[in-house]
Amino acid sequence: MALVTAGVVVLDCAEPEKLAEFYKELLAAEEVDANANRVEIRTADGFRLALRRDVNATPPSWPRPENSLQVHLEFVVDDPDAVERRIVSLGGRPMEAGDASGPMEERGYADPAGHSFTVRRGAPTAPKQG
């Protein structure tokens, strides 16, 4: 019998309610728990994400080395262009430019609180460089 029954990715941020709205819209998720310092959402396939209040949170500086990437989310998509339009409309911003249909298989973004995440089309075909 497994000792761990579920996993939750937790992102620290100054305003968990606002960041939860971004991810609820992007992932078509529902809020499953909330209190003064944390909001948790869950997608239809069971992915769980919690946003935890940290008034001193500072966004990662990735790809710059100071306060660099601690963790990032990766989402598999069918239409990177449509997803990019949705991300930007929700307050996210592109971190890397490129053509997902060409040699660049993934695109990097920051959510409204500055956490980095990537979207990629299907399974990666080559190991990440660097």
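Source: prediction; values computed, not measured.

Caption draft 1: Here's a closer look at unusual backbone geometry. The backbone of Ala28 sits at a positive phi, close to 50°, despite the residue not being glycine. For Ala28, the position within the fold is in the loop between helix 1 (16-27) and strand 2 (30-35). With a relative accessible area of 63%, Ala28 lands in the exposed category.

Caption draft 2: Representation of the nonpolar core in the model. In this structure, Tyr23, Leu26, Leu51, Phe75, Ile87, Phe117 and Val119 are the most contacted members of the largest nonpolar core, which totals 21 residues. When contributions to this core are tallied by element, the ones reaching two or more residues are strand 1 (9-13), helix 1, strand 3 (38-42), strand 4 (48-53), strand 5 (73-77), helix 2 (80-89) and strand 8 (116-121). The element best represented in this core is helix 1, accounting for 6 residues.

Caption draft 3: Summary view of helix 1. For helix 1, which comprises 12 residues, the first-to-last C-alpha distance of 16 Å matches the rise-based estimate of 16 Å (1.5 Å per residue) to within 8%. Where helix 1 is concerned, the buried positions are Pro16, Leu19, Ala20, Phe22, Tyr23, Lys24, Leu26 and Leu27. Among the residues trailing helix 1, Ala28 stands out with phi positive, at a value near 50°.

About the cut-offs
- Residues numbered from 1 in each chain as written.
- Predicted model: local features only at pLDDT ≥ 70, side-chain atom pairs only at ≥ 80, totals over all residues.
- Heavy atoms only, no water.
- Helix = DSSP H or I, 4+ residues; strand = E, 2+ residues; numbered from the N terminus.
- Buried < 20%, exposed > 50% of the residue type's maximum accessible area, 1.4 Å probe, protein only.
- Core = buried A, V, L, I, M, F, W, Y, C linked by side-chain atoms within 4.5 Å.
- Expected span 1.5 Å × (residues − 1).

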